[in-house]
Amino acid sequence: MGGPESVDRPGAEGEYPLSGIRVLELSSDIAGPYCGKLFADAGAEVVKLEAPGGDPMRRWTASGTELAADTDGALFRFLNGAKRSAVVDLGAEADRQLVLELAAGFDLLVHDFTDARAAARGLDPVALLAAGPGLSVLSITPWGPDGPFAERPCTEFTLQAAVGSVGYRGLRDRRPVAAGGRIGEWITGIYAAVAGMSACLSARASGRGQRVDVSMFEAMLLSMTVYHDLNGQWVEGDLARSIEIPSIEPARDGWVGFSTITGQQWKDFCALIGRPEVAEDDGYLDGRRRMEHRAFLQEIIHGWTRERTVDEIVELASAMRIPVAPVGDGRTLPRMDHLVERGVFTKGPSGFVQPRVPYQLHDRPTRPFAPAPRLDQDREAIRAEAADSRAARTASASSEPAGPDPVRPLEGLRVVDLSAFWAGPIATCYLAAMGADVIKVESIQRPDGMRFAGAIPNEKLWEWSPVFAGANPGKRDLTLQLDDDRGMALLKQLIAKADVVIENYSVRVLENFGLGWPEVRALSERVIMVRMPAFGLDGPWRDRTGFAMTIEQVSGLAWITGYEDLPLVVRGACDPAGGMQAVFALMMALEDRRRTGRGQLVEVPLLENAVNMAAEQVIEYSAYGECLTRQENRGPVAAPQGVYRCAPEGDDPERYVAIAVATDDQWTALRGLLGEPEWARDPALSTAAGRRERHDDIDARLDAWLADQTREQAADRLVAAGVPAAAVVNAHRVMPHPQLEARGFFETLTHPETGATRYPGFPMRFSAFGPCLHASPPPTLGQHNDEVLREELGLSADEIAELREAKIIGKRPTFM
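Keep in mind that what you see is a predicted model, and the values were worked out from it rather than measured.

> Give a detailed account of the sheet that holds strand E1 (residues 22–26), specifying residues and quantitative values.
Strand order in this open sheet of 7 strands is E3-E2-E1-E4-E5-E6-E26, and the pairing throughout is mixed. Taken across any chain shown, the strands that pair with only one partner, and hence form the sheet edges, are strand E3 (84–87) and strand E26 (764–766). Across the sheet, the axes of successive neighbouring strands diverge by a mean angle of 20°, strand direction being ignored. Looking at chain direction, strand E4 (residues 108–111) and strand E5 (residues 136–141) are connected through 4 bridges and run parallel. By the bridge assignment, Leu108 is partnered in E5 with Ser136. Contacts from helix H8 (residues 216–224) reach E5 and strand E6 (211–215), with the element oriented near 55° to E6.

Have a look at this one:
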């Protein structure tokens, strides 16, 4: 179904960053195949095993475009390029045995079965791990492979409700809104690739693989809420539904997006629109107050924006360093000047336009895109490899002793963390969780700005920011005034001894400090520098300021999210997803350094990761001429799909349940719960297409049916019948949750200021690393000054005291 007779296999060593790594993939939908794509693009060999009839995604189009019988869908072809394909029937003993034999010759097996479903197919974790001593087994499941919710019916849409993402997005006089574009699946695929690569690196050191599992629920909780559980531990009450003001606003010729994260940006924005007096009211520094006065503020904002074109607004706001962007979609993105100049989009091997890989290793090419395989096209070769693997295993069966216990793959790695806000810090937090020694460098003159965003007001508020707390466990903290020669000299000494330097400022910041890549490279031939600018190191937008919301606005993620008359931002998902993409790229660079002994520059623009997560929009427009857009809570996966009002509870008149009927069998189950009413038995509703045509009518009838049920009662009844559903929970009230508790997702650590605090872990569990990934709570400002300066740089107590007296180091912001 489209594709060559065979796909060239990468060289065993050195041609591409992950040449020599072999991945066996048994998964469908987006998360597992995107994980496999990330490996394949980096040069790994990926073999895709499909059920008889093939991966259902071969027939998928988000626009509903009819496909010819011999043609695979464009998204499938994007996700599965450069892989090989063979059909296996896991219901047949011979094919189950073939999978086990084949797996013995691979480094990583990726599947999407829960433990119960894997066991039913004869592929339980013990059997899989026994296939080969160096094999790691990675499962990607909605809730995790085990626990009380493991088999609970769900879709990505209902998981958004369950994590608290839906409940706080939207206008208060309308229903809350989910993010579009199956974003949770893309995010989970990135976490899975990082988890799989971590297991491969660990196995190389020990000779022993391990079991790894990734929970989509946990990946979405970590990425689609802004550490709201931490906030919920420190403040009373629920998190109110809201939108940002300003955010996506109407211009004369389209939509334009703003992001005013800091107080200065808000003041500059008020000056931009000719209303500086509005900024004199300090109450408007609080986004909640702006939401209360939304009508007034939007009137004055729209009075200014509607008179100007998007290009005029972007030019004016950029000159004032206000984060701003045109709102992109599948039609406009490939034509944007910055993306054209950087070559972000390319015509792929299947003829449609697609984004390039979301990173650049400046000294090592990635694998050129190759077509996706036809179903079962590599059957004979792959079955022959299984036979060879069986023979090799028999010949070596006896005597090799088991290797040492697997170790965390980054033990001994030294990281200088110059990042701030969210994307960079969560990346370095993961490095610390994998054993790296991460030294976070900030200053008392300019601490990490995220220490103050959403911080709880008190005498040391900079230690009470939920996002800072969530993204920084496991690190040491050093303050250095970098615009002082003594502070810069100390930083350069740290870098000279480091393996990795990572930063996510706008491009000009480090260059103005004299710390661009040429200067860093001069300090050490082995150092790897990871740079995470919003838009990239070159191109017309290189010097623009951009936060996660800016990236969502321009990338298409906001275009596919919101009400039909108002696009909305996802709120932050680009940051953790971009951070994990940076980790994956860094691990590739570490593999390259293992072979060459040399470090290199790694560039991971947040925008390019986001356009990969939103790739379906560009692909559908290029392949089929369809410009996907938002449909509030409806979408192409399920019908009906929506957020429905339930009975009020206590003082809260608005309670909702999310429902997604993804199959005809689920519709039959829902019809039974409704009592088989005559309207629901209409044969036209037996198909998804028929239900979409009558969506308004179905929605009204579901609202009526749910009116006297609480959201928990409704969700429990629906799930028990096999219908994906979830109560729309408030993000401050996700815990307690039986699945999170069973899997130990949260870790309680004692912080010097906040005391015993529940911190989120990561959405992956490693069988060899124990239940806790965080070694320590997030550091206080300058907490490890003396330790680092004494032990790492050899300073005496008197020298350290002199630095403290000169305010080159310290523990309290100078402006507080």
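> Describe a negative patch on the surface, listing the residues and the values that go with them.
On the surface, a cluster of negative charge is contributed by Asp253, Asp311, Glu312, Glu315, Asp337 and Glu341. Contributions of two or more residues to the negative patch are made by helix H13 (310–319) and helix H14 (337–342). Mapping Asp337 onto the fold places it in helix H14. Overall, Asp337 belongs to the partly exposed group, its relative accessible area being 45%.

> Please provide a residue-by-residue account of H13, values included.
Every buried residue belonging to H13 is among Val310, Ile313, Val314, Ala317 and Ser318, and all of these are buried. In an axial view of H13, the angular spread of the buried residues amounts to 120°, which keeps them on one side of the axis. In H13, the exposed residues that point more than 90 degrees away from the buried face are Asp311, Glu315 and Ala319. Buried residues along H13 sit in contact with strand E7 (248–251), strand E8 (254–258), helix H10 (263–272), helix H12 (294–305) and strand E9 (324–326). In the segment just after H13, Arg321 is the residue with positive phi, at about 65°.

> How would you explain the confidence of the model for the protein if you had to name every residue and give the values?
Of all residues in the protein, 96% attain a pLDDT of 70 or more, and the chain-wide mean is 95. Taken as a whole, residues 1–12 scores under 50 in pLDDT and shows 45 contacts with residues more than four places along the chain or in a different chain.

> Could you give an account of the packing of aromatic side chains, naming the residues involved and the relevant values?
The geometry of an aromatic ring pair comes down to the distance between the two centres and the angle between the two planes. The tally for this structure, following the rule as stated, stands at 17 aromatic pairs. Aromatic pair Phe258 and Phe269: ring centres 4.9 Å apart, planes at 70°, arrangement edge-to-face. Linking Phe258 in strand E8 with Phe269 in helix H10, this pair joins segments that are 11 residues apart in sequence. In this structure, Phe258 and Phe269 share a single accessibility class: buried. An angle of 90° between the planes, with centres 5.5 Å apart, marks the rings of Phe535 and Trp541 as edge-to-face. Here Phe535 matches Trp541 in class, with each residue buried. The ring of Phe78 carries the charged tip of Lys37 above its face, separated from the ring centre by 4.3 Å. If you follow Arg630 out to its NZ or CZ, it ends over the ring of Trp559, 4.6 Å from the centre.

> Lay out unusual backbone geometry with the relevant residues and their values.
Cis rather than trans, the peptide bond between Ile245 and Pro246 has omega equal to -5°. The residue Pro246 is located in the loop between helix H9 (228–234) and E7 in this model. The phi dihedral of Arg571 falls on the positive side, at around 85°, and the residue is not glycine. Phi is positive for Glu632, close to 60°, though the residue is something other than glycine. With respect to the helices and strands, the residue Glu632 is situated in the loop between helix H24 (615–624) and strand E21 (641–645). Residue class for Glu632 comes out partly exposed when judged on its relative accessible area of 31%.

> Explain the pattern of salt bridges residue by residue, including any values.
This model, assessed by the stated rule, comprises 71 salt bridges. The partner of Glu385 in a salt bridge is Arg22, and the shortest N-O contact between them spans 3.0 Å. Of this pair, Glu385 sits in helix H15 (residues 379–395) while Arg22 sits in strand E1, placing them 363 residues apart in sequence. Across the pair, exposure class does not vary: Glu385 and Arg22 are buried alike. Notably, a salt bridge pairs Arg571 with Glu244, separated by 2.5 Å at the nearest N-O pair. On the criterion of sequence distance, the pair formed by Arg571 in the loop between strand E19 (566–567) and helix H22 (574–596) and Glu244 in the loop between H9 and E7 is long-range, its members being 327 residues apart. Exposure remark for Arg571: the relative accessible area of 6% places this residue in the buried category. Here the salt bridges share partners, and the residues they tie into one network are Asp146, Asp213, Glu218, Arg743 and Arg765.

> Explain helix H25 (residues 664–673) residue by residue, including any values.
Every buried residue belonging to H25 is among Gln666, Trp667, Leu670, Arg671 and Leu673, and all of these are buried. Down the axis of H25, the buried set is contained in an arc of 155°. They therefore lie on one face. Considering only its buried residues, H25 is in contact with strand E22 (656–660), helix H26 (688–693), helix H27 (695–706) and helix H28 (711–720). At the exit of H25 stands Gly675, carrying a positive phi of roughly 90°.

Conventions used here
Residues numbered from 1 in each chain as written. Predicted model: local features only at pLDDT ≥ 70, side-chain atom pairs only at ≥ 80, totals over all residues. Heavy atoms only, no water. Pairing = 2+ DSSP bridges. Helix = DSSP H or I, 4+ residues; strand = E, 2+ residues; numbered from the N terminus. Axes fitted to C-alpha atoms, helices over the stretch in contact; angles between N-to-C directions. Contact = heavy atoms within 4.5 Å. Patch = residues over 30% accessible without salt bridge, like charges linked within 9 Å, V, L, I, M, F, W, Y side chains within 5 Å. Areas by Shrake-Rupley, 256 points an atom, 1.4 Å probe, with all protein chains shown as cover. Salt bridge = Lys/Arg side-chain N within 4 Å of Asp/Glu carboxyl O. Lys, Arg positive; Asp, Glu negative; His and termini not counted. Charge placed at Lys NZ, Arg CZ, Asp CG, Glu CD. Buried < 20%, exposed > 50% of the residue type's maximum accessible area, 1.4 Å probe, protein only. Arc of directions from axis to C-beta. pLDDT = per-residue confidence, 0-100. Phe/Tyr/Trp six-rings, centres within 6.5 Å; stacked < 30°, edge-to-face > 60°. Lys NZ or Arg CZ within 6 Å of the ring centre and 35° of its normal.

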